[in-house]
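# Per-entry structural report
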Amino acid sequence: MQIIYEYHDVSGSERLEGLVKEKLEKLEHKYDFVHRADIFFKKENRSDGQEMFCDIRLSMPGPRIFASSNAETFEAAMSETVRDLQDQLRKVKDKMSAH
């Protein structure tokens with residue numbers, strides 16, 4: 001799987017990239033039809049402290065899927081985003097096996 005990282009108003013982090021790559025590799029083993037992931041880390045000023053955003057877009061045959069989460073840390077936002085993607089991928093795989 002090709003993984004593309006983008007940072008907006010945040011400096012790049014090898015540690016974050018390693019964590020995301022580890023989680024995405026687990027998804028790739030389960031859902032081998034995913035061939036590309038675009039990961040976006042960004043920080044926005046918010047009053048509730050949930051400033052760190054992680055957006056992930058997965059490319060595969062058919063439509064792309066997208067999930068976004070925000071939290072106090074990038075790690076928490078990334079975990080929530082990956083959970084959302086797992087739910088979406090499970091539905092896609094169920095539809096594929098039904099045909």
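The structure this text deals with has already been given above.
Residues numbered from 1 in each chain as written. Predicted model: local features only at pLDDT ≥ 70, side-chain atom pairs only at ≥ 80, totals over all residues. Heavy atoms only, no water.

This paragraph deals with the overall build of the protein chain. A tally of regular secondary structure across the protein chain gives 2 helices and 4 strands. Taken from the N to the C terminus, the helices and strands of the protein chain come in the order β-α-β-β-β-α. Rg of the C-alpha trace for the protein chain: 14 Å, near the compact-globule value of 13 Å for 99 residues, within the 12% margin. Judged by the C-alpha coordinates and their principal axes, the protein chain covers about 45 × 25 × 20 Å. Split into buried and exposed, the 99 residues of the protein chain put 33% on the buried side. For the protein chain, contacts bridging at least 24 residues in sequence account for 47% of all contacts bridging at least 6. The averaged location of the 19 negative side-chain charges in the protein chain is 5 Å from the averaged location of its 16 positive side-chain charges. (Helix = DSSP H or I, 4+ residues; strand = E, 2+ residues; numbered from the N terminus. Rg over C-alpha atoms; globule rule 2.2 N^0.38 Å. Buried < 20%, exposed > 50% of the residue type's maximum accessible area, 1.4 Å probe, protein only. Contact = heavy atoms within 4.5 Å. Lys, Arg positive; Asp, Glu negative; His and termini not counted. Charge placed at Lys NZ, Arg CZ, Asp CG, Glu CD.)

Below, the discussion takes up the nonpolar core. Core analysis: the biggest nonpolar cluster contains 24 residues, and I39, L58 and L89 have the highest contact counts within it. Breaking this core down by element, the ones donating at least two residues are α1 (14–30), β2 (36–43), β3 (52–59), β4 (65–71) and α2 (74–98). Take this core: its biggest share by element is 6 residues, from α2. Not counting residues up to four positions away in its chain, the partners in contact with L89 are L27, Y31, F33, V34, L58, M60 and I65. (Core = buried A, V, L, I, M, F, W, Y, C linked by side-chain atoms within 4.5 Å.)

Looking now at the side chain of D38. Mapping D38 onto the fold places it in strand β2. D38 sits in the buried class, given a relative accessible area of 3%. Within the structure, D38 has its side chain in polar contact with the side chain of R36 (distance 2.9 Å). Contact partners of D38, with chain neighbours within four places excluded, come to I4, D55, I56, R57 and S59. (Polar contact = N/O pair within 3.5 Å; in protein donor to acceptor, adjacent residues only side chain to side chain.)

Quick look at the pattern of salt bridges now. Once their charged atoms are close, side chains differing in charge can pair, the charge on each being opposite to the other. All told, the structure shown has 8 salt bridges when counted by the stated rule. Across the pair R36 and D38 runs a salt bridge whose closest N-O atoms are separated by 2.9 Å. R36 sits in the partly exposed class, given a relative accessible area of 29%. Across the salt bridge formed by R83 and E80, the nearest N and O atoms sit 2.8 Å from each other. Residue R83 and its partner E80 are both found in helix α2; the two are separated by 3 residues, about one turn of the helix. A relative accessible area of 44% means that R83 is categorised as partly exposed. On the accessibility criterion, E80 (32% relative accessible area) is partly exposed. (Salt bridge = Lys/Arg side-chain N within 4 Å of Asp/Glu carboxyl O.)

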